[in-house]
Amino acid sequence: MSYDIASRPSARRQGKYGVDAPYVPAIYGAAGTALLAWGVIALALGIPAAAPWAFSYGCLALMAAGLYMYATRRGKFVVWDKLLDDLALRGDESILDLGCGRGAVLLTAARRLPEGRAHGVDLWRSQDQSGNDPAVTERNAQAEGVADRIELHTADMTRLPFEDGTFDAVVSSLAIHNISDSAGRTTAIEEAVRVLRPGGRLVIADIRNTRRYHADLQRLGLHSITRRGVGARMWWTGPWMPTTVVSGTKPT
């Protein structure tokens, strides 16, 4: 099941949010260009049999790069607008974003918190997002007019520097899968639940391991657990790499 996400545009963004895992579209774009070039060369060299597959695969690779760039520059913002709307925030909550990067989700949440606080945690690795740096996130917060509503923390998702039950909601977008081992990902889920207040909502969007996240939330005793796709707006190169959202509520 996919979310029925409205076609309305996201609020106009003033910050610069980079590209998630920037090496991926670069590889697809380079491969597509090389294949198209080979198709032209094959025709010039009198090897017509090689041209059709080169053109076909070249166009497919460039299409994959285009879908990826749409998802990272536009689609994820539309999806997260809907996910945050679904939280029905009052505006005075405290929210934690795990793997906040340059603030795409963090600052979208902060706009909804005129009397609240949005906290972002990251290790600031550039392979996870281009230009990933807390100074960039701070500049984006200034540009969006929410600098007074956020706090940034350099910390590991598996060892969060917060007391139990600190946050009204915990969110994470395309971050937990970057933890290389299964035990570490499970620990990150446990930490997210630990710092969540009773009655608080956990929302995780990711491209892998979401069945395990769902099982972890069941094991940890959350209720109203859902797992569903968000559709083509967050296809990373194509339908073979969709984004799935897992969410649950901590018991009171």
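Note: the structure precedes this text.
The shown structure was predicted, so the numbers you read here are calculated from the model rather than taken from an experiment.

Draft legend 1. Seen up close, the packing of helix α5 (residues 182-194) against helix α6 (residues 210-219). With their axes 10 Å apart at the nearest point, α5 and α6 run at an angle of 45° to one another. As far as their axial angle goes, α6 and α5 are oblique. As for the relative orientation of α5 and α6, their crossing is right-handed in sense. For the pair α5 and α6, the contacting residues are Ser182, Arg185, Thr186, Ile189, Glu190 and Val193 in the first and Arg212, Tyr213, Asp216, Leu217 and Arg219 in the second.

Draft legend 2. Molecular detail of the packing of aromatic side chains. Tallying each qualifying case throughout the model produces 3 aromatic pairs. On the numbers, 5.0 Å between centres and 75° between planes, the contact of Tyr68 with Trp236 is edge-to-face. Of this pair, Tyr68 sits in helix α2 (residues 50-86) while Trp236 sits in the loop between β6 (223-229) and β7 (244-249); the two residues are 168 residues apart in sequence, bridging distant segments of the chain. Tyr68 sits in the buried class, given a relative accessible area of 4%.

Draft legend 3. Summary view of the sheet that holds β7. One open sheet accounts for 7 strands, arranged β3-β2-β1-β4-β5-β7-β6; its pairing is mixed. Each end of this open sheet is capped by a strand with a single partner; those strands are β3 (150-154) and β6. Taken over all neighbouring pairs, the strand axes of this sheet differ in orientation by 15° on average, direction set aside. Judged from the 6 bridges that link them, strand β4 (residues 167-173) and strand β5 (residues 196-206) form a sheet pairing that is parallel. Bridge pairing in β5 places Val171 opposite Val203. Where α5 meets the sheet, its contacts fall on β1 (94-98), β4 and β5, and the angle it forms with β5 comes to roughly 145°.

Draft legend 4. Representation of the nonpolar core in the model. With 35 residues, the main nonpolar core has Trp80, Leu107, Ile150 and Val203 as its most contacted residues. Among the elements of the structure, α2, α3 (104-110), β4 and β5 are those that each provide at least two residues to this core. Look past the residues within four positions of Trp80 in its chain and what remains in contact with it is Val105, Val171, Ser172, Ser173, Val203 and Ala205. Ala175, Ala188, Val195 and Leu202 belong to the second largest nonpolar core, which has 24 residues in total.

Draft legend 5. Examining helix α4 (residues 134-144) more closely. Residues Val136, Thr137, Asn140, Ala141 and Glu144 constitute the buried set of α4. Along the long axis of α4, the arc covered by the buried residues comes to 140°, so they all point the same way. Turned more than 90 degrees away from the buried face of α4, the exposed residues are Arg139 and Gln142. In this structure, the buried residues of α4 make contact with α3 and β3. The N-capping residue of α4, defined by a side-chain oxygen 2.7 Å from the backbone nitrogen of Ala135, is Asp133. Looking one or two residues past α4, Gly145 carries a phi angle of roughly 75°, positive in sign.

Draft legend 6. Inspection of the environment of Thr252 at higher detail. Mapped onto the secondary structure, Thr252 falls in the segment after β7. A relative accessible area of 87% means that Thr252 is categorised as exposed. A C-alpha to C-alpha distance of 28 Å links Thr252 and Leu107, two positions 145 residues apart in sequence. Ignoring any residue separated from it by four or fewer positions in sequence, one finds Thr252 in contact with Pro198 and Gly199.

Cut-offs used in this document
Residues numbered from 1 in each chain as written. Predicted model: local features only at pLDDT ≥ 70, side-chain atom pairs only at ≥ 80, totals over all residues. Heavy atoms only, no water. Axes fitted to C-alpha atoms, helices over the stretch in contact; angles between N-to-C directions. Helix = DSSP H or I, 4+ residues; strand = E, 2+ residues; numbered from the N terminus. Parallel < 35°, antiparallel > 145°, perpendicular 65-115°, else oblique. Left-handed = near helix turned anticlockwise from the far one by under 90°. Contact = heavy atoms within 4.5 Å. Phe/Tyr/Trp six-rings, centres within 6.5 Å; stacked < 30°, edge-to-face > 60°. Buried < 20%, exposed > 50% of the residue type's maximum accessible area, 1.4 Å probe, protein only. Pairing = 2+ DSSP bridges. Core = buried A, V, L, I, M, F, W, Y, C linked by side-chain atoms within 4.5 Å. Arc of directions from axis to C-beta. Polar contact = N/O pair within 3.5 Å; in protein donor to acceptor, adjacent residues only side chain to side chain.

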